[in-house]
Amino acid sequence: VEPVQPLVRYCYANNYLLPLGRFPEAIEQCRLGLESDPLSMLLHFAMALSRYCARQYGEAIACSRRAMEIDANFYPVWFTLGMAQLQAGSAQEAITSFKRGAELAPWWSFGAWALAAAYHIAGDYEQSQEWVRKLEAPRWASGAKLMAAAYHIAGDRQHSQEWFRKVNGSSSCAAAFY
């Protein structure tokens, strides 16, 4: 039997185990993949994301930082780092991480909505609204859906419902995503 390739482990962890909520198994697949390919940014990213999904925020932050030692320009890791920092209660650090991610991938709408949400959570509503206005621009095809999600994550029900209405005429979170 041939050994399992690291990319296969990444795909299995990221695309199958994580969506099923099988976080310990995803972490193990990433660990095994990194044994074979310690420079794989995809595996480092999947490890950080798996730790984040498992609510192991300190480990997710540490994994993200290890990945950045290899390639600090791999923008998905900045997003994962920011999300972990946000959940760990470090909104200002999360803003810094999301800003860097937005600089690296200015076209990536997930980074923009995450930055808007982080500013909102940090209480900087002016900056949050500035990013919301950017997401309203036509180039952000999924901006309204992402802003609905950002406000939903931030616990701002009123703004979340307003954005869900922009998505499909309903204020329901589920209706916007299905």
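Residues numbered from 1 in each chain as written. Predicted model: local features only at pLDDT ≥ 70, side-chain atom pairs only at ≥ 80, totals over all residues. Heavy atoms only, no water.

Asker: Quick question: what am I supposed to make of the overall build of the chain here?
Answerer: Counting secondary structure elements, the chain contains 11 helices and zero strands. Counting from the amino terminus, the chain carries its helices and strands in the arrangement α-α-α-α-α-α-α-α-α-α-α. Accessible area for the chain stands at about 9,300 Å²; split by element, carbon and sulfur atoms hold 54% of it. (Helix = DSSP H or I, 4+ residues; strand = E, 2+ residues; numbered from the N terminus. Areas by Shrake-Rupley, 256 points an atom, 1.4 Å probe, with all protein chains shown as cover.)

Asker: Can you walk me through a nonpolar patch on the surface in this structure?
Answerer: The grouping of Tyr12, Tyr16 and Leu20 at the surface amounts to a nonpolar patch, some 300 Å² of accessible area in total. For Tyr16, a relative accessible area of 41% gives the class partly exposed. (Patch = residues over 30% accessible without salt bridge, like charges linked within 9 Å, V, L, I, M, F, W, Y side chains within 5 Å. Salt bridge = Lys/Arg side-chain N within 4 Å of Asp/Glu carboxyl O. Buried < 20%, exposed > 50% of the residue type's maximum accessible area, 1.4 Å probe, protein only.)

Asker: Help me understand the layout of surface pockets, please; the structure alone is not making it clear to me.
Answerer: Once rolled over the atoms, a probe with the size of a water molecule shows which space is left empty. Looking at the largest pocket, its volume works out to about 290 Å³. What lines the largest pocket is a set of 12 residues, and nearest its centre among them are Leu49, Tyr52, Phe79, Met83 and Trp113. It is helix 5 (residues 75-87) that contributes the most residues to the lining of the largest pocket, five residues altogether. Across the lining of the largest pocket, the residue classes tally to 10 nonpolar, two polar and no charged. (1 Å grid on protein atoms, 1.4 Å probe; cavity = no way out; pocket = protein on both sides within 12 Å on 5 of 7 lines; lining within 4 Å. Points joined across faces, edges and corners; volume = space filled by probe spheres on them. Nonpolar A, V, L, I, M, F, W, Y, C, P; charged D, E, K, R; others polar.)

Asker: How should I be thinking about the packing of helix 5 against helix 6 (residues 91-104) in this particular structure?
Answerer: Axes are the key here: two packed helices are described by the angle between their axes and the distance separating the axes. At a closest axis distance of 8 Å, the pairing of helix 5 and helix 6 adopts a crossing angle of 165°. Accordingly, the angle class assigned to the pair helix 5 and helix 6 is roughly antiparallel. In this structure, helix 5 meets helix 6 at a crossing whose hand is left-handed. Across the interface between the two elements, Tyr75, Trp78, Phe79, Leu81, Gly82, Met83, Gln85 and Leu86 of helix 5 pack against Ala91, Glu93, Ala94, Ser97, Phe98, Arg100, Gly101 and Leu104 of helix 6. (Axes fitted to C-alpha atoms, helices over the stretch in contact; angles between N-to-C directions. Parallel < 35°, antiparallel > 145°, perpendicular 65-115°, else oblique. Left-handed = near helix turned anticlockwise from the far one by under 90°. Contact = heavy atoms within 4.5 Å.)

Asker: Even after reading the chapter, I still don't get helix 6, so can you show me in this structure?
Answerer: A turn of α-helix holds 3.6 residues, and therefore any two residues three or four places apart point the same way. Helix length check: helix 6, at 14 residues, gives a terminal C-alpha distance of 20 Å against a target of 20 Å (1.5 Å per residue), a fit within 8%. Lining the buried residues of helix 6 we find helix 5, helix 7 (109-121) and helix 8 (125-136). (Expected span 1.5 Å × (residues − 1).)

Asker: Could you clarify how one ought to interpret the packing of helix 1 (residues 6-17) against helix 2 (residues 23-36) in this entry?
Answerer: Helix 2 packs onto helix 1 with a crossing angle of 165° between their chain directions and a minimal axis gap of 8 Å. When the interaxial angle is binned, helix 1 and helix 2 end up roughly antiparallel. The two elements helix 1 and helix 2 cross, and the hand of that crossing is left-handed. Every residue of helix 2 that contacts helix 1 at Pro6, Arg9, Tyr12, Ala13 and Leu17 is listed here: Glu25, Ala26, Gln29, Cys30, Leu32, Gly33 and Ser36.

Asker: Just to check I follow, could you spell out the confidence of the model for the chain for this structure?
Answerer: Fine structural detail should not be taken from predicted coordinates in areas where pLDDT scores are low. Per-residue pLDDT for the chain averages 85, and the proportion of residues at 70 or more is 84%. Per-residue pLDDT, averaged within each element of the chain, yields its smallest value for helix 11 (residues 173-177) (40) and its largest for helix 4 (residues 57-70) (97). (pLDDT = per-residue confidence, 0-100.)

Asker: Got a minute to help me understand the environment of Lys134 in this structure?
Answerer: Among the secondary structure elements, Lys134 is positioned in helix 8. Overall, the relative accessible area of 35% leaves Lys134 in the partly exposed class. Sequence separation of Lys134 and Ala116 is 18 residues, and the distance between their C-alpha atoms is 9.6 Å.

Asker: Any chance you could explain the pattern of salt bridges here in plain terms?
Answerer: Pairing between side chains becomes possible if they bear opposite charge and their charged atoms approach one another. Scanning the entire structure with this criterion turns up four salt bridges. In this structure, Glu25 and Arg22 form a salt bridge, with 2.7 Å as the shortest nitrogen-oxygen distance. Its relative accessible area of 36% is what places Glu25 among the partly exposed residues. On the basis of relative accessibility, which here comes to 27%, the residue Arg22 falls in the partly exposed class.

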